[in-house]
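# Commentary on secondary and tertiary structure
The primary structure of each chain is shown beneath.
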Amino acid sequence: MIETRGLRKSFGDHMVLDGIDLEVAAGTVFALLGPNGAGKTTMVQILSTLIDADGGEARVAGHDLAREPDAVRAAIGVTGQFSAVDNLLTGEENLLLMADLHHLGRSEGRKRAAALLDRFDLVDAAKQKPATYSGGMRRRLDLAMTLVGDPRLIFLDEPTAGLDPRSRHTMWQIIRDLVAGGVTIFLTTQYLDEADELAGRIAVLDRGKLVAQGTPDELKRRIPGGHVRLQFANASGLEWGARTLGEVMRDDDALTLQVPTDGSVRSLKAVLDRLDQAAIPVDGLSVHTPDLDDVFFALTGHTDAQKGNLR
Amino acid sequence: MSTPSYALRDSATMLRRDVRHSLRNPSMTLSGVLTPVVTLALFIYVFGGTLGAGLGGLAHSGSYIDYVAPAIIIMTIGSGVSTTAVNLCMDMAEGIIARFRTMAIARASVLTGLVLGSLIRTMISNGIVIGVALLMGFRPAADLVAWIAALGVIALFTLALTWMAVVFGLIGKTPAGANGLSLIFQLILPFTSSAFVRPGSMPSGIRWFAEYQPFTPVIDTVRGLLLGTPIGNSAALAVAWCVGLTVVGYLWARAVYNRNSVAYNLSAVR
């Protein structure tokens with residue numbers, strides 16, 4: 001559905017995308033994962049015909065991006081980071097505007113608008129302007145507007161940024177339903193759990209370059225950031241624990257040990273079994289799964305926060 | 001997708017959107033009328049006595065309102081199109097224009113709809129201001145043909161300034177910035193034209209500027225048509241300015257609109 005080769009873009013002397021090769025299969029969810037400023041939005045803007053690339057090639061929905069932008073536009077829908085709704089029109093009027101621009105007939109447009117309002121739980125707010133909407137409602141209206149044209153490929157640029165947990169889960173469910181209906185989704189996000197939850201394939205973008213690509217499981221296997229944190233009652237317990245478990249990170253002040261694991265139940269059980277056999281009492285235990293910082297540290301050797309120091 | 005019939009249909013859709021915006025945002029629309037009406041009242045009731053005396057027996061009836069009213073009508077265009085610049089700039093900031101650009105609609109329709117909407121809105125404002133001027137004592141001597149000709153010049157000038165305002169809306173980074181740029185048409189050019197006093201009474205540098213800028217021939221033409229005073233070559237100059245500004249504004253606006261939206265990108269990258 002999407003195929004890019006050597007895509008490049010810079011603004012002034014700031015290189016934003018530096019040779020991006022990626023492939024997105026039809027009917028799948030592809031997540032472009034990266035911190036702020038990695039170039040995710042620029043990627044979406046190029047693939048959705050909003051701006052031109054400086055170099056490289058791309059085919060989107062079977063059409064060359066540079067030569068047939070209108071054919072690409074006819075096949076795609078875009079919901080950006082900042083919701084692109086008309087604030088002076090009501091929710092319903094926004095949808096009817098999209099229907100008019102897709103050249104649907106009057107009755108067909110009304111039918112589709114009504115169905116989308118219903119599907120996105122916006123019926124009560126249909127006659128109100130988006131100014132009165134919550135963040136989640138705005139985002140739903142934005143996506144509903146994108147769906148009026150029945151696109152085969154949808155770009156979602158950070159669809160849950162700034163949403164509360166509930167709205168976030170609603171959005172996730174909507175995305176799953178879309179995929180079930182055969183739509184291809186190109187998603188950008190800075191949350192690993194979101195990419196993990198939704199995407200079949202993830203590409204990690206860092207400073208304009210793809211540093212890793214694969215299924216969520218493939219990526220997670222490459223990330224050694226997961227660990228079990230053990231809390232001991234006293235210094236001797238800590239000492240015995242450290243001797244028993246071998247390679248661990250030790251904090252004498254907090255009386256804790258960090259034991260790396262892949263997060264599986266089996267590895268967790270192995271750690272506990274060894275402590276149990278040595279009869280070492282443990283006060284508390286917590287499991288830490290890798291987060292985006294771990295991913296970036298593992299894949300790039302720097303975390304987002306450390307960027308300034310490492311450079 | 002870009003057949004002429006779709007271009008027409010998309011432009012009509014955009015025009016409907018613009019008209020709805022005008023109705024939904026009455027304060028913005030109203031200020032396009034209020035500013036010239038207040039200016040008219042100010043110049044008639046406060047400054048009019050002195051300015052009128054200074055002009056001598058210019059106007060056919062000898063009263064200052066007949067001299068200044070046609071100029072105020074032209075000023076209405078300046079404040080009317082500034083609304084267009086601000087509206088467009090707000091649209092750009094809200095991302096709805098970016099949405100339109102990713103859709104398979106006739107590219108020109110977004111700007112065409114906006115310009116038609118601006119033309120309609122500003123011509124209505126002009127009508128209101130003409131009405132108020134008549135109530136305040138403006139007594140034009142024009143016959144029907146002269147009125148139609150005057151309205152034609154007003155419409156032509158509105159079209160020209162609207163295209164320039166579209167440019168301001170596209171290149172102004174904020175609504176305030178877009179409004180600031182359109183102050184050229186709201187204040188600077190009107191006040192340095194033949195609107196309130198004759199250029200002949202101005203210091204030489206400003207006089208030269210007043211004689212060679214677009215507002216002077218347009219105002220002189222409308223004034224001549226409505227009052228029956230001599231027009232001379234002002235009419236030809238006025239039409240040339242209108243056509244010139246329309247062409248420049250149209251080409252410039254189209255170039256900026258089709259160019260990658262740099263402001264939007266930079267803000268998104270940060």
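Throughout, residues of each chain are indexed from 1 in the direction in which the sequence is written. Going through the entries in the order they are written, you letter the chains from A and number the ligands from 1. Residue-level local features of this predicted model are given only where pLDDT is at least 70; pairs of side-chain atoms are given and counted only at 80 or more, and the full residue set underlies all totals for whole chains, interfaces and linings.

## With respect to the nonpolar core
Each nonpolar core consists of buried Ala, Val, Leu, Ile, Met, Phe, Trp, Tyr and Cys residues. Their C-beta atoms, within 7 Å, join them into a set. Residues with at least 20 other C-beta atoms within 10 Å of their own are called buried, those with 12 or fewer are called exposed, and the rest are partly exposed. The C-beta atoms themselves are positioned from the backbone. If you look at the biggest cluster of nonpolar residues, it comprises 137 residues, and the most contacted ones within it are Ala31, Leu95 and Leu187 of chain A together with Val68, Ile74, Val166 and Val222 of chain B. C-beta atoms are placed from the backbone for every residue, and two residues are taken to be in contact when these atoms lie within 7 Å. Ignoring anything within four residues of it in the chain, the contact list for Leu187 of chain A reads Val29, Phe30, Ala31, Leu32, Leu156, Pro159, Leu198 and Ala199 of chain A. Of all hydrophobic cores here, the second largest spans nine residues; its members include Leu230, Phe232, Leu257 and Ile280 of chain A.

## Structural notes on the domain arrangement of chain A
Taken domain by domain, chain A holds domain 1 (2–221) and domain 2 (227–289). When each unit is reduced to the centre of its C-alpha atoms, the spacing between domain 1 of chain A and domain 2 of chain A is 43 Å. Domain boundaries shown here were taken from an automatic or database domain assignment.

## Section: the interface of chain B and chain A
How big an interface is tends to be stated in terms of the accessible area lost upon association of its parts. In this complex, chain B contributes 27 residues to the contact, which on the side of chain A involves 29 residues. Helical segments are the DSSP runs of H or I of at least four residues, strand segments are the runs of E of at least two, and each set is numbered from the N terminus. Looking at which element gives the most residues to the side of chain B that touches chain A, the answer is helix 1 (residues 4–24) of chain B, with eight residues. Residues that form the side of chain B that touches chain A fall into these classes: 10 nonpolar, eight polar and nine charged. Three categories are distinguished: nonpolar for Ala, Val, Leu, Ile, Met, Phe, Trp, Tyr, Cys and Pro, charged for Asp, Glu, Lys and Arg, and polar for the others, with Gly belonging to the last.

## A look at the sheet that holds strand 14 (residues 284–288) of chain A
Where strands meet in a sheet, backbone hydrogen bonds hold them as pairs that are either parallel or antiparallel. Residue and element names in this part refer to chain A. An order of 12-13-11-14 is seen for the four strands of this open sheet, with the pairing classed as antiparallel. The outermost strands of the open sheet, each flanked by one partner alone, are strand 12 (249–251) and strand 14. Direction aside, the axes of adjacent strands within the sheet are offset by 15° on average. Pairs of strands are assigned from DSSP output, requiring at least two bridges between the strands. The pairing of strand 11 (residues 227–231) with strand 13 (residues 256–260) spans five bridges and is classified as antiparallel. By the bridge assignment, Gln231 is partnered in strand 13 with Thr256. Contacts between helix 9 (residues 235–245) and the sheet are confined to strand 11, strand 12 and strand 13, with strand 13 contributing the most and set at about 15° to the helix. Under this scheme, a helix contributes an axis fitted over its contacting stretch, all axes are lines through C-alpha atoms, and angles between N-to-C directions fall in the 0 to 180 degree range.

## Describing the sheet that holds strand 3 (residues 29–33) of chain A
All names here are of chain A. With mixed pairing, six strands are arranged side by side in an open sheet as 6-7-8-3-9-10. Each having just a single partner strand, strand 6 (76–79) and strand 10 (209–214) make up the two edges of the open sheet. In this sheet, adjacent strand axes meet at a mean angle of 15° when their direction is disregarded. One ladder, built from five bridges, connects strand 3 with strand 8 (residues 184–189); its direction is parallel. The residue of strand 8 that forms the bridge with Leu33 is Thr189. Strands strand 6 and strand 7 (153–157) of the sheet are contacted by helix 5 (residues 135–147), whose axis makes an angle of about 170° with strand 6.

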